[in-house]
Amino acid sequence: MTGPATPETTEILASFLKRLEGLEEIVRIVMSHYPMSVLFTFRGTPEKKVLMDFSKSPARVSVDNGASGANVSAAIQGDIMHDVFLDRKKPGVAVARRELLLKGPVMDFAKIIPLFDIAPVLYREHLSDIGYGGFARQAGKSLSKEEIMNDPVFKGDPIPLVQLSALEKFGTQVINALAYGAGYAVGLLRYRLFKKLSLFGVIREMSRGLDAATPPEVKNAP
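Everything in this summary refers to the structure shown in the same document. None of the values given here were measured: they were computed from a predicted structure. (Residues numbered from 1 in each chain as written. Predicted model: local features only at pLDDT ≥ 70, side-chain atom pairs only at ≥ 80, totals over all residues. Heavy atoms only, no water.)

Focus on the sheet that holds strand 5 (residues 100-103)
Operational definition: Whether two strands pair comes down to DSSP finding at least two bridges between them. Strands are runs of DSSP state E lasting at least 2 residues, helices are runs of H or I lasting at least 4, and numbering of each runs from the N terminus. Every axis in this analysis is a line fitted to C-alpha atoms, fitted for helices over the stretch in contact. Angles between the N-to-C directions lie between 0 and 180 degrees. Contact definition: two residues touch when any of their heavy atoms are within 4.5 Å.
Read from one edge to the other, the open sheet built from 5 strands follows the order 3-2-1-4-5, with strand pairing classed as mixed. Edge strands, defined here as strands with exactly one partner in the open sheet, are strand 3 (60-63) and strand 5. Taken pair by pair, the neighbouring strands of this sheet meet at an average axis angle of 15°, ignoring direction. Here helix 3 (residues 78-85) sits on the sheet in contact with strand 1 (37-43) and strand 4 (72-77), set at roughly 105° to strand 4.

See the structure below:
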């Protein structure tokens, strides 16, 4: 009897971008609240098309379903995009080598580039959530192709691959509450006191802090 099908890189990439739908406000800040849509084509087997539509509210991220008509389109091999999201290859290098093919106004695509600054931290966490290779959490399991394509992954909800103890559940709730409080406090400061504060700068520095706290063995996982 054969085991469950292992997800392909293109499917992992598609599920990762779909999870960004649940981070709409963060993504909008990174994109300077610029209303636009981007169509990613991840080449491989199977090929996956992902439409990130932030031209309206609420934002929508659609996987396949005949996605088309974006302001900007980007086509790239799945394994190369995997390396870009892991910061093993810079997007500028991929563009220069014509590995990342772009179509659309340069100014529009410039609004997407900042996403690559925060992508490595989020993408490594996504790989950890689905139990991918060396990124898998200790004592966790890998998700099958069928599981990764299900709603909990695509909707951006937490993916509980391991059983949490009562203490861990409590700690998670406390940390989530603190994170909400921190976000609310920054929002108050930005919109009521320091109106020239760059929220993108705040998020970028948070991303750098998370990256700095990431163990080398996780960063260099195969």
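Let's pick the thread back up.
Remarks on the packing of helix 1 (residues 9-19) against helix 6 (residues 115-129)
Condition: Throughout, a crossing is termed right-handed when the near helix is turned clockwise from the far one, and left-handed when it is turned anticlockwise from it by less than a right angle. Asp, Glu, Lys and Arg are counted as charged, while Ala, Val, Leu, Ile, Met, Phe, Trp, Tyr, Cys and Pro are counted as nonpolar; the rest, among them Gly, fall into the polar class.
The N-to-C vectors of helix 1 and helix 6 enclose an angle of 115°; their axes lie 10 Å apart at closest approach. Our pair here, helix 1 against helix 6, has a crossing hand that is right-handed. Listed contacts from helix 6 to Ile12, Leu13, Ser15, Phe16 and Arg19 of helix 1 are Ala119, Leu122, Tyr123, His126, Leu127 and Asp129. Per-class residue counts for the contact of helix 1 with helix 6 are 7 nonpolar, 2 polar and 2 charged.

Some thoughts on empty space enclosed by the protein
This is how the line gets drawn: Here a cavity is any set of points on a 1 Å grid over the protein atoms alone where a 1.4 Å probe fits but cannot get out, and a pocket is any open set with protein on both sides within 12 Å along at least 5 of 7 lines; a residue lines the site when it has an atom within 4 Å of a point. Grid points are joined across faces, edges and corners, and a volume is the space filled by probe spheres set on the points.
Tallied over the entire structure, the rule returns 1 cavity of 30 Å³ or more. Taken together, 13 residues form the lining of the largest cavity, with Leu17, Leu20, Phe85, Leu115 and Ala119 sitting closest to its centre. Within the residue set of the lining of the largest cavity, elements represented by two or more residues are helix 1 and helix 6. Here the element with the most residues in the lining of the largest cavity is helix 6; it accounts for 5 residues. Residue composition of the lining of the largest cavity, grouped by class: 13 nonpolar, no polar and no charged.

Section: unusual backbone geometry
With an omega of 0°, the peptide bond running from Thr45 to Pro46 counts as cis. Here Pro46 lies in the loop between strand 1 and strand 2 (48-53). Despite not being glycine, Asp87 has its phi angle at roughly 65°, a positive value. You can see Asp87 is positioned in the loop between helix 3 and helix 4 (91-96). In this model, Arg98 sits at a positive phi of 60°, which is unusual for a non-glycine residue. Note that Arg98 resides in the loop between helix 4 and strand 5.

As for the packing of helix 3 against helix 6
What counts here: Each angle gets one of four labels, with under 35 degrees taken as roughly parallel, over 145 as roughly antiparallel, 65 to 115 as roughly perpendicular, and the rest as oblique.
With their axes 8 Å apart at the nearest point, helix 3 and helix 6 run at an angle of 105° to one another. By the angle between their axes, helix 3 is roughly perpendicular relative to helix 6. The segment helix 3 lies against helix 6, with Met81, His82, Val84 and Phe85 engaging Phe116, Ala119, Pro120, Tyr123 and Leu127. Broken down by class, the residue content of the contact of helix 3 with helix 6 amounts to 8 nonpolar, 1 polar and no charged.

A few points about the pairing of strand 4
As defined by bridge partners, strand 1 adjoins strand 4 across 6 bridges and the pair is classed as parallel. Bridge pairing links Phe40 to Ala74 in strand 4. As paired elements, strand 4 and strand 5 share 4 bridges and run antiparallel to each other. Bridge pairing in strand 5 links Ala74 to Leu102.

Here we look at the pairing of strand 2
Here is the rule we go by: Relative accessibility decides the category of a residue: with a 1.4 Å probe and only protein chains considered, values under 20% of the type maximum give buried, values over 50% give exposed, and everything between is partly exposed.
In terms of residue burial, strand 2 counts as a mostly covered element, since 5 of its 6 residues are buried. Looking at chain direction, strand 1 and strand 2 are connected through 6 bridges and run antiparallel. Across the sheet, residue Val38 finds its bridge partner in strand 2, namely Met52. Linking strand 1 to strand 2, which pair antiparallel, is a turn of 4 residues; within it Gly44 sits at a positive phi near 155°. Note that strand 2 and strand 3 share 4 bridges and pair antiparallel. The residue of strand 3 that forms the bridge with Val50 is Val63.

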